[in-house]
Amino acid sequence: MSFRRTRAVFVKELHHITRDSRSLLLALAMPVMMLLLYGYALSLDVDHIPALVYDQDGTSASRDLVRQFQGSRFFDIKGFAGGYSQIERGINFSRILIGIVIPRDFGHDLESGHGAEVQLLVDGSDSNTSSIAIGYAESIVQMYSARVRVRAVAPPPPPVIDARMRVWYNSSLESKNYVVPGLIAVILMILAGQLTSLTIAREWELGTMEQLLSTPLRPAEMLLGKMLAYFAVGLVDSVIALIVGVTVFAVPFRGSILLLTVSTCLFLFGVLCWGIFISAGSRSQVQAYQMGMLSTFLPGFLMSGFVFAIDTMPKVIQVLSVVVPARYFVSILKSLFLKGVGISVIWDQMLFLVIFGALVFWLAARKLSKQKVA
């Protein structure tokens, strides 16, 4: 391999990138736009759930329970219903998610010690949010029930077990701390794949590919030279995404900058080579773009564990996700950002990125060598 020929391809491709100022500006601005758009839109926090109360009892006990819901940040009481029809109308028009019905004799049943019931009417069209809302409502009712039970027991109260909860790594339980690191990995995969998926196809459309193939330039030298030019752009995108994640979204970074840099370089190398591999098998930029989007966007979002847990997916999808590099980079970023782990924890994921990059580089070089022979 000749360093001089590789550098010549690198300089040529770099000149092409800098000449197209609009595309370069778009490539550099895309991480910011996507992070801001998806970072704020993809919120997994479920709070301020719109609710309507139907209090049939009207006693101090029922009003006390309503105050528990009003004092919780998870519920936003929109008002009091006069009947079931108002709750049904509110759910049908998506004005509320849950209706809280306190039946008659609620206070009397509590005082008699027989136990009382509370009805929860939930809009189940969004099953995930509904199940979370039910959990919140049940916890409030159970806490209220425990308070009533303690007041009803004559002193001294019976001994209880006091569970003290401590949340590690994301003590505030904010979803942005979970979403943004994974979002950075997905954005870099999409951008890196798209940047290089057009490079060889563009040479075919411009008619310059035949000239390159007729030169002493080896396929590996062409591949490495083109990849390095976009590798520089990818590194700038990575820095921009990191700065936006830490400053705008205030996501804590507790890991090693060196590990972050090495893992990012390994990931970019593999994905950029994958883009060139796709481009080498396409004679038009439209076809290359479609293949690049199909092989980066969908796996990055759906099969990387970025939003949906891989363990809950069907077995076939879990097997397919093994070859998705974003799956490992998402795990690395979350571990470095939130947990601050070292190489002893993420070495196997980094090893996969090394294997993936080497394999895709070999496949892309072989694809180019076949075209040179042909």
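Reading guide: rules and limits
- Residues numbered from 1 in each chain as written.
- Predicted model: local features only at pLDDT ≥ 70, side-chain atom pairs only at ≥ 80, totals over all residues.
- Heavy atoms only, no water.
- Helix = DSSP H or I, 4+ residues; strand = E, 2+ residues; numbered from the N terminus.
- Rg over C-alpha atoms; globule rule 2.2 N^0.38 Å.
- Buried < 20%, exposed > 50% of the residue type's maximum accessible area, 1.4 Å probe, protein only.
- Salt bridge = Lys/Arg side-chain N within 4 Å of Asp/Glu carboxyl O.
- Phe/Tyr/Trp six-rings, centres within 6.5 Å; stacked < 30°, edge-to-face > 60°.
- Lys NZ or Arg CZ within 6 Å of the ring centre and 35° of its normal.

Attention shifts here to the overall build of the protein chain. Helix and strand content of the protein chain: 15 helices and four strands. Against the globule reference of 21 Å for 374 residues, the protein chain gives a C-alpha radius of gyration of 28 Å, more extended than a compact globule. Expressed along its principal axes, the backbone C-alpha trace of the protein chain runs to roughly 95 × 45 × 40 Å. For the protein chain, with 374 residues in total, the buried portion stands at 43%.

The subject of this paragraph is the pattern of salt bridges. With the rule as written, the count across this model stands at six salt bridges. A salt bridge links D64 to R67; its shortest N-O distance comes to 3.9 Å. Taken together, the positions of D64 and R67, both in helix α3 (residues 60-70) and three residues apart, correspond to about one turn of that helix. Taking the relative accessible area as the measure of exposure, D64 reaches 14% and is therefore buried. Between D76 and K78 there is a salt bridge, with the nearest N and O atoms lying 3.1 Å from each other. Looking at D76, the relative accessible area reads 29%, which means it is partly exposed.

Let us now look at the packing of aromatic side chains. Taken as a whole and assessed by the stated rule, the structure comprises 13 aromatic pairs. A ring pair is formed by Y54 and Y84, whose centres lie 5.4 Å apart and whose planes are at 85°; its orientation type is edge-to-face. Remark: Y84 occurs in helix α4 (residues 84-92) and Y54 occurs in strand β1 (residues 49-55); sequence separation between them is 30 residues. Take Y54: its relative accessible area is 12%, and that puts it in the buried class. With 4.3 Å between their ring centres and 10° between their planes, F267 and F329 make a pair best called stacked. Linking F267 in helix α11 (residues 257-280) with F329 in helix α14 (residues 325-339), this pair joins segments that are 62 residues apart in sequence. Summarising the burial analysis for this pair, F267 and F329 share the class buried. A network of ring pairs unites the aromatic residues Y38, F297, F301 and F306 as a single cluster. Just above the ring of F93 sits the side chain of R95; from NZ or CZ to the centre is 4.7 Å. A cation over an aromatic ring shows up here: K334 above the ring of Y178, its NZ or CZ 3.5 Å from the ring centre.

Turning to unusual backbone geometry, a few remarks are in order. Positive phi is not limited to glycine here, since H48 has a value of about 50°. Considering the arrangement of structural elements, one finds H48 in the loop between α2 (21-41) and β1. Despite not being glycine, S94 shows a phi value in the positive range, around 60°. As for its placement among the helices and strands, S94 is situated in the loop between α4 and β3 (98-102). Among the residues examined, S94 registers a relative accessible area of 60% and is labelled exposed.

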